[in-house]
Amino acid sequence: MARTFRSLRRQNLSAQVVREIGLSIMRKEFQPGDALLSEPELSQQLNVSRPVLREALKVLAEKGLIESRPRTGTRVRPRTDWNLLDPEVLTWQYEVGPDPAFLEAVCEVRLMFEPMTARLAASRATAEEIETIERACGRLEELVEEAEPYIEADLAFHSAICAAAHNELLQRIVATLAAPLRASRLVTARLPGANRRTMPLHRRVAEAIRQGQELAAEEAMRQLIVLTTEDVHRALGYSGTGPNLSLSTCPGQGKAPATAREGGE
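What you see is a predicted model; the values in this text were computed from it and never measured.

**Q** Would you explain the overall build of the protein chain in this entry?
**A** Check the secondary structure of the protein chain and you find 11 helices and two strands. Going from N to C terminus, the protein chain has its helices and strands arranged as α-α-α-β-β-α-α-α-α-α-α-α-α. Within the protein chain, buried positions represent 45% of all 265 residues. Excluding contacts between residues fewer than 6 apart, the proportion of contacts in the protein chain whose partners are at least 24 apart in sequence is 75%.

**Q** Looking at this structure, how should I read the environment of Leu177?
**A** The residue Leu177 is located in the loop between helix 8 (168-176) and helix 9 (178-188) in this model. On a C-alpha basis, the gap between Leu177 and Val109 in space is 9.8 Å, while along the polypeptide they are 68 residues apart. Apart from the residues lying within four places of it in its own chain, the contact partners of Leu177 are Leu85, Val109 and Phe113.

**Q** Before we go on, may I ask you to explain the nonpolar core in this structure?
**A** If you look at soluble globular proteins, the nonpolar side chains tend to sit buried side by side. If you look at the biggest cluster of nonpolar residues, it comprises 32 residues, and the most contacted ones within it are Ile133, Phe157, Ile161, Val205, Ile209 and Met221. For this core, the secondary-structure elements that each account for two or more residues are helix 5 (100-124), helix 6 (127-142), helix 7 (147-164), helix 10 (194-210) and helix 11 (214-236). Tallying contributions element by element places helix 11 first for this core, with eight residues. Those residues within four positions of Ile133 in sequence are excluded, and the remaining contacts are Phe157, Ala160, Ile161, Ala164, Ala206 and Ile209. Counting 22 residues, the second largest nonpolar core, distinct from the first, contains Ile25, Phe30, Leu42 and Leu53.

**Q** What exactly am I supposed to notice about the pattern of salt bridges here?
**A** When the charged atoms of two side chains lie near each other, side chains of opposite charge can form a pair. For the coordinates displayed, the defined rule picks out 21 salt bridges. The residue Arg203 makes a salt bridge to Glu141 at a minimum N-O spacing of 3.4 Å. A residue pair is termed long-range when its members are at least 10 positions apart, and Arg203 in helix 10 and Glu141 in helix 6 qualify at 62 residues. What makes Arg203 partly exposed here is its relative accessible area of 28%. Each of Glu39, Arg50 and Arg54 takes part in one network of salt bridges that share partners.

**Q** Help me understand the packing of helix 5 against helix 8, please; the structure alone is not making it clear to me.
**A** Packed helix pairs are specified by the crossing angle of their axes together with the interaxial distance, meaning the distance between the axes. The N-to-C vectors of helix 5 and helix 8 enclose an angle of 135°; their axes lie 12 Å apart at closest approach. Considering their axes alone, helix 5 and helix 8 lie oblique with respect to each other. By crossing handedness, the relation of helix 5 to helix 8 is classed as left-handed. Residues Phe113, Thr117 and Leu120 of helix 5 pack against Leu170, Ile173 and Val174 of helix 8.

**Q** I would appreciate a short explanation of the pairing of strand 1 (residues 66-69) in the present structure.
**A** Alignment of strand 1 against strand 2 (residues 73-76), held across four bridges, turns out to be antiparallel. Note on strand 2: the bridge partner recorded for Arg69 is Gly73. The antiparallel pairing of strand 1 with strand 2 creates a hairpin that spans three residues between the two strands.

Reading the values: rules and limits
Residues numbered from 1 in each chain as written. Predicted model: local features only at pLDDT ≥ 70, side-chain atom pairs only at ≥ 80, totals over all residues. Heavy atoms only, no water. Helix = DSSP H or I, 4+ residues; strand = E, 2+ residues; numbered from the N terminus. Buried < 20%, exposed > 50% of the residue type's maximum accessible area, 1.4 Å probe, protein only. Contact = heavy atoms within 4.5 Å. Core = buried A, V, L, I, M, F, W, Y, C linked by side-chain atoms within 4.5 Å. Salt bridge = Lys/Arg side-chain N within 4 Å of Asp/Glu carboxyl O. Axes fitted to C-alpha atoms, helices over the stretch in contact; angles between N-to-C directions. Parallel < 35°, antiparallel > 145°, perpendicular 65-115°, else oblique. Left-handed = near helix turned anticlockwise from the far one by under 90°. Pairing = 2+ DSSP bridges.

Dropping the structure here:
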């Protein structure tokens, strides 16, 4: 059965068409291979001109969500073809609600790059950047019992560490992942005591960076991401097929902190 779209009458019609169809795909109102209505039918349903509709369909095709062919029309592409790092695609996934598999992927990506980001920050942070990180950590402690303000403070804390790593590609990655990172925090905010449970590790990360302890900063951040991943799983009741990331399996758990500026040598 064809999905019925609401009529669009405001400005920026092409962007609205993109969002309307994009969200419908995210909500799984279309399955891979499903055909959209013809251009005349969609134009009439959305109350937009065909040039506006074509522009919107072109944008959706560039994001990997749809493809148009002369004889088969416009069809939805499988999720594996989507540009999952596209800012709008990320935002739409955030809007339609948490997807356990997607949040699991976000946690895995964080585990891949954030510990090394903390390690780089420990060796590269300026005095001003260290002060910013510690101030952000202090803000976290002040807001630990509040949901939305804590999320903003947590994002600021990790952003400050990323800036102190002085790697422009990492900064772009963090900026691109802003929406799913916020989504994962919204999920864990449902858990009573979850924020307070992570505070000691936040403090350990900040302290290790302040002292220039690269290995200690890396390990503390790794444990923090693992703990966050466990909280995401608990909040969603999710039983994934990924690796066992319990804190007890973390390399270096229980070891003495690395010496200042040791650089892992």
